[in-house]
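Listed below are the residues making up each chain.
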Amino acid sequence: MRDLVRKYRMNKLTKSELEETKRRLESLSDNQLGHEIYDDRHEFEPAPGQENVHAEAEVYRRLSTMLIKPSIRRHRLTICAAVAAVALIVVLMAGSAYLYNRYNDIESLSTNVFTAATDRATVNLPDGSTIELNGNSSVSYTLSGFNSDTRRVEFNGEGYFDIVKDRTSEFIIESYGLEVTVHGTSFNLSVREEDEYA
């Protein structure tokens, strides 16, 4: 290695020797590189005609420049990787927040089913229960209304309810201030605003 450095200082390196010198220098760690430069700098004997200090300083500058570039590239690469990682985390967090809000929006959306005077409809609820609506009837519910504690619907008109049995979750039907609570059964219910009795 020292012979190659000496030839380099005297500008007598062939192209292949220059490539070999670069390859060897790039394979050294930063610490090893520093020692090579320091040790070699103190052993330097100027070639004839290069006795002044400026020549030694120029050689040292050229070698240092050549050696420092790879470590700067590694440092820049490390910074770029860190910036990319932070950007990825920000994007993932923003995406998670968006999906969470979107899911909550979906849960709060109301499903409404209405029948005309001569129509009938079957409504399948999220828990597997069904409601057979007669004419001029309506039922509405949200996904958030069906959770581990309760299953809740709003109802108006006439319908046949077939409720899936669940002892841990009450099924609540709300209509004009009336609440019917069951855990699992089948029954017909008629509640209209104009009716005196349900």
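I will try to describe carefully the structure that is included in this document.

Analysis parameters
Residues numbered from 1 in each chain as written. Predicted model: local features only at pLDDT ≥ 70, side-chain atom pairs only at ≥ 80, totals over all residues. Heavy atoms only, no water. Phe/Tyr/Trp six-rings, centres within 6.5 Å; stacked < 30°, edge-to-face > 60°. Buried < 20%, exposed > 50% of the residue type's maximum accessible area, 1.4 Å probe, protein only. Core = buried A, V, L, I, M, F, W, Y, C linked by side-chain atoms within 4.5 Å. Contact = heavy atoms within 4.5 Å. Salt bridge = Lys/Arg side-chain N within 4 Å of Asp/Glu carboxyl O. Helix = DSSP H or I, 4+ residues; strand = E, 2+ residues; numbered from the N terminus. Polar contact = N/O pair within 3.5 Å; in protein donor to acceptor, adjacent residues only side chain to side chain. Expected span 1.5 Å × (residues − 1). Arc of directions from axis to C-beta. Pairing = 2+ DSSP bridges.

Focus: the packing of aromatic side chains
Then comes step 1: Here the structure, examined in full by the defined rule, presents four aromatic pairs.
Then comes step 2: Ring geometry for tyrosine 141 against phenylalanine 146: centres 5.7 Å apart, planes inclined by 75°, an arrangement best described as edge-to-face. Take tyrosine 141 and phenylalanine 146: they sit in the same class, and that class is buried.
Then comes step 3: Ring centres of phenylalanine 155 and phenylalanine 161 lie 5.0 Å apart, and the angle between their planes is 75°; this geometry places the pair in the edge-to-face category. Each member of the pair, phenylalanine 155 as well as phenylalanine 161, is classed as buried.

Quick word on the nonpolar core
Then comes step 1: In this structure, Leu125, Val153, Phe161, Phe171 and Ile173 are the most contacted members of the largest nonpolar core, which totals 17 residues.
Then comes step 2: Every residue in contact with phenylalanine 161, bar those within four places of it in the chain, is listed here: Thr130, Ile131, Phe155, Phe171, Ile173, Thr185, Ser186, Phe187 and Leu189.

Side note on the pattern of salt bridges
Then comes step 1: One pass over the structure, following the stated rule, counts three salt bridges.
Then comes step 2: Linking arginine 151 and aspartate 127 is a salt bridge whose minimum nitrogen-to-oxygen distance equals 2.6 Å. In this pair, arginine 151 is assigned in strand 5 (residues 150–162) and aspartate 127 in the loop between strand 2 (121–124) and strand 3 (130–133), connecting sequence segments 24 residues apart.
Then comes step 3: Of the residues examined, arginine 151 reaches a relative accessible area of 3% and is grouped as buried.
Then comes step 4: Among the ionic pairs, arginine 152 bridges to glutamate 179, the shortest N-O distance being 3.6 Å. Of this pair, arginine 152 sits in strand 5 while glutamate 179 sits in strand 7 (residues 178–182), and the two are 27 residues apart along the sequence.
Then comes step 5: Looking at arginine 152, the relative accessible area reads 30%, which means it is partly exposed.

Regarding the environment of serine 137
Then comes step 1: Inspection of the secondary structure puts serine 137 in the loop between strand 3 and strand 4 (138–142).
Then comes step 2: Relative accessible area serves as the criterion here: at 3%, serine 137 is assigned to the buried category.
Then comes step 3: Counting along the chain gives 19 residues from serine 137 to asparagine 156, while the straight-line C-alpha distance between them is 5.5 Å.
Then comes step 4: Leaving out residues up to four positions away in the same chain, serine 137 has contacts with Val113, Phe114, Thr115, Asn156, Gly157, Glu158 and Arg192.
Then comes step 5: In terms of polar contacts, serine 137 uses its side chain to reach the backbone carbonyl oxygen of glycine 135, at 3.2 Å.

Overview of helix 2 (residues 15–27)
Then comes step 1: With 13 residues, helix 2 extends 19 Å between its outermost C-alpha atoms, agreeing within 8% with the 18 Å of an ideal straight helix rising 1.5 Å per residue.
Then comes step 2: For helix 2, the full list of buried residues reads Glu17, Thr21 and Leu25. The buried residues of helix 2 occupy an angular sector of 70° when projected down its axis, which confines them to one face. Facing away from the buried side of helix 2 by over 90 degrees, the exposed positions are Lys15, Ser16, Arg23, Glu26 and Ser27.

What about the pairing of strand 3?
Then comes step 1: Of the strand pairs in this sheet, strand 2 and strand 3 are connected by four bridges, and their pairing is antiparallel. Looking at strand 3, one finds that alanine 121 is bridged to leucine 133.
Then comes step 2: Here strand 2 folds back onto strand 3, and the loop between the two strands holds five residues, one of which, glycine 128, carries a positive phi near 100°.
Then comes step 3: Bridge analysis of strand 3 against strand 5 gives four bridges, and the strand direction is antiparallel. Within the sheet, the bridge partner assigned to leucine 133 lies in strand 5 and is glycine 159.

Functional significance is not addressed by these values, which are geometric in nature.
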